[in-house]
Amino acid sequence: MLTGDGPLVGVVGSCNVDYVVRVEHLARPGETVRGGDVVRLFGGKGANQAVAAARLGARVSLLGCVGEDADGAGTLEALRSSGVDVSGVSRSPRPTGSAFIAVDGAGENTIVVSPGANADVDVARGDLESFDVVLAQLEVPDAVIEQVAARARRCVLNVAPYREVPSGTLAACAVLIANRVEAEGLALEQLAHVVITEGAQGARHLRFGREVARVGAPRLEVHDTVGAGDAFCAAYAVQFARGADAYDALAYAVVAGALATRATGARGSLPTHEEVRAWRDDA
Ligand code: RIB
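Figured I'd write up the structure that's included with this text. Note that the structure is a prediction, hence the values are computed from the model and not measured.

In terms of burial, strand S6 (residues 97–103) is largely enclosed, as 6 of its 7 residues are buried. Examined bridge by bridge, strand S2 (residues 16–22) and S6 share 7 bridges and lie parallel to one another. Counterpart to Val21 in the pairing with S6 is Ala102. Pairing of S6 with strand S7 (residues 109–114), which is carried by 6 bridges, proceeds in the antiparallel orientation.

Quick look at the side chain of Gln49 now. Mapped onto the fold, Gln49 is located in helix H1 (residues 45–55). Looking at Gln49, the relative accessible area reads 0%, which means it is buried. Not counting residues up to four positions away in its chain, the partners in contact with Gln49 are Val11, Leu135, Gln137, Asn158, Asp230, Cys233 and Ala234.

Turning our eyes to something else, we now look at the state of the cysteines. If you walk through the whole model with that rule in mind, you get 0 disulfides. Among the cysteines around Cys155, which has no disulfide bond, Cys173 carries the closest sulfur, lying 3.8 Å off. According to the relative accessible area criterion, Cys155 is buried, its value standing at 3%. We classify Cys173 as buried; its relative accessible area is 10%.

Turning to the environment of Val165, a few remarks are in order. Tracing the chain through its elements places Val165 in the loop between strand S9 (155–158) and helix H4 (167–172). Along the chain, Val165 and Glu146 lie 19 residues apart, while their C-alpha atoms are 8.8 Å from each other. With near-sequence residues (within four places) excluded, Val165 lies in contact with Leu138 and Leu170.

The contact between helix H6 (residues 228–241) and helix H7 (residues 246–259) brings their axes to 8 Å, and the two run at 150°. Relative to H7, H6 is oriented so that their crossing is right-handed. Packed against H6, whose contacting residues are Ala228, Ala231, Phe232, Ala235, Tyr236, Gln239 and Phe240, the element H7 presents Ala246, Asp248, Ala249, Leu250, Tyr252, Ala253, Val254, Ala256 and Gly257 at the interface. Residues of the contact of H6 with H7, tallied by class, amount to 13 nonpolar, 2 polar and 1 charged.

Neighbouring residues of the ligand: Asn16, Asp18, Gly43, Gly44, Lys45, Asn48, Ala99, Ile111, Glu139, Asp230 and Ala266. One of the backbone N or O atoms of Gly44 is found 2.9 Å from an oxygen atom in the ligand. The separation between an oxygen atom of the ligand and a polar side-chain atom of Asp230 is 2.8 Å. If the ligand stood free it would expose 280 Å²; the protein chains cover 97% of that surface. Mapping the ligand onto the cavity grids shows that it belongs to the largest pocket.

With that settled, consider the nonpolar core. Judged by nonpolar contacts, the single largest core of 51 residues is most densely connected at Val60, Leu62, Leu79, Val84, Ile177, Phe232 and Tyr236. Of the residues forming this core, the biggest block, 10 residues, is contributed by H6. Setting aside residues no more than four positions away along its own chain, Val60 makes contact with Leu2, Val9, Val11, Ala50, Ala53, Ala54, Gly83, Val84 and Asp85. Ile145, Val148, Cys173 and Leu186 belong to the second largest nonpolar core, which has 32 residues in total.

With that out of the way, let us pick up the layout of surface pockets. Computed from the structure, the largest pocket encloses a volume of approximately 1300 Å³. If you go around the largest pocket, you meet 48 residues; those closest to its centre are Asn109, Asn179, Thr225, Ala228 and Gly229. Looking at the lining of the largest pocket, the elements that each hand over two or more residues are S2, H1, S6, S7, strand S10 (175–179), helix H5 (180–183), H6 and H7. If you tally residues by element for the lining of the largest pocket, the top one is H6, at 5 residues. The residue inventory of the lining of the largest pocket, partitioned by class, reads 23 nonpolar, 16 polar and 9 charged. Here the second largest pocket defines a volume of roughly 240 Å³. Surrounding the second largest pocket, Leu63, Gly64, Ser87, Gly88, Val89, Ser90, Asp122, Val123, Ala124, Arg125 and Gly126 form its lining. Listed by contribution, the elements that provide at least two residues to the lining of the second largest pocket are strand S4 (59–67) and strand S5 (85–92). Examining the composition of the lining of the second largest pocket, we find that 4 residues originate from one element, S5, more than from any other. Grouping the constituent residues of the lining of the second largest pocket by class yields 4 nonpolar, 5 polar and 2 charged.

Cut-offs applied
- Residues numbered from 1 in each chain as written.
- Predicted model: local features only at pLDDT ≥ 70, side-chain atom pairs only at ≥ 80, totals over all residues.
- Heavy atoms only, no water.
- Buried < 20%, exposed > 50% of the residue type's maximum accessible area, 1.4 Å probe, protein only.
- Helix = DSSP H or I, 4+ residues; strand = E, 2+ residues; numbered from the N terminus.
- Pairing = 2+ DSSP bridges.
- Contact = heavy atoms within 4.5 Å.
- Disulfide = S-S within 2.5 Å.
- Axes fitted to C-alpha atoms, helices over the stretch in contact; angles between N-to-C directions.
- Left-handed = near helix turned anticlockwise from the far one by under 90°.
- Nonpolar A, V, L, I, M, F, W, Y, C, P; charged D, E, K, R; others polar.
- Near = heavy atom within 4 Å.
- Polar contact = N/O pair within 3.5 Å; in protein donor to acceptor, adjacent residues only side chain to side chain.
- Areas by Shrake-Rupley, 256 points an atom, 1.4 Å probe, with all protein chains shown as cover.
- 1 Å grid on protein atoms, 1.4 Å probe; cavity = no way out; pocket = protein on both sides within 12 Å on 5 of 7 lines; lining within 4 Å.
- Sits in = over half its atoms within 2 Å of the grid points.
- Core = buried A, V, L, I, M, F, W, Y, C linked by side-chain atoms within 4.5 Å.
- Points joined across faces, edges and corners; volume = space filled by probe spheres on them.

Here is the structure:
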């Protein structure tokens, strides 16, 4: 049951348990590197984006799937205590998804994901039409993405981790969000609204391949970039759901993404709406 007066945001996506190791440099193919102690945290692009959106003041429901294992129970508890409605998260006999994450001295990362229960996400009975915006990513099956794009009033699709998506599905989304690498897979000149995140350089908004807005990122000491993209996507979707124009949603999301790099883990330093506003006022 969602209460309050924030915008209604549905998030369709993954739940993982993240195993994070800090390393001096990221391993190249065939190389073994020594890391620090493993830190175990709740993650998954869908769950991270849901928590980030709730922290920014939205009323958030997550539609996803976790295992019938202890990780699944822990995931649901962590989501509930962050104010996310989990009545749309089902349980599966598969294990809860896992992600194996290395973070180097500059805060850059590599991630290997084992989907587990995320492969069983099913939105056929989910009330996708009731949200102001539905935010999704690509850690769930293709059929789920197709349904979200077709049924949501406005779908914001984060094309991460990148895989090819049918052009009709992409065209049905209100906005696509990609990082520079993911954007290489998109036919930008055919797409109405694409937001490209560029890390410390900020982000750009393209209309049919032509840049219409660009915002630089605030300068901060970066500790860990894991989850910065998730904070960006959540912030963009929340501000879009509040009725912001493309430039305002971009500027809000750039600040939220930057603030999310201040601590270890995808949810270690997710900002509130008030923090984002304060940083924007200082800019
Ligand atoms: O975007 C960061 C997330 O990607 C991690 O939490 C990990 O679980 C992977 O899904």
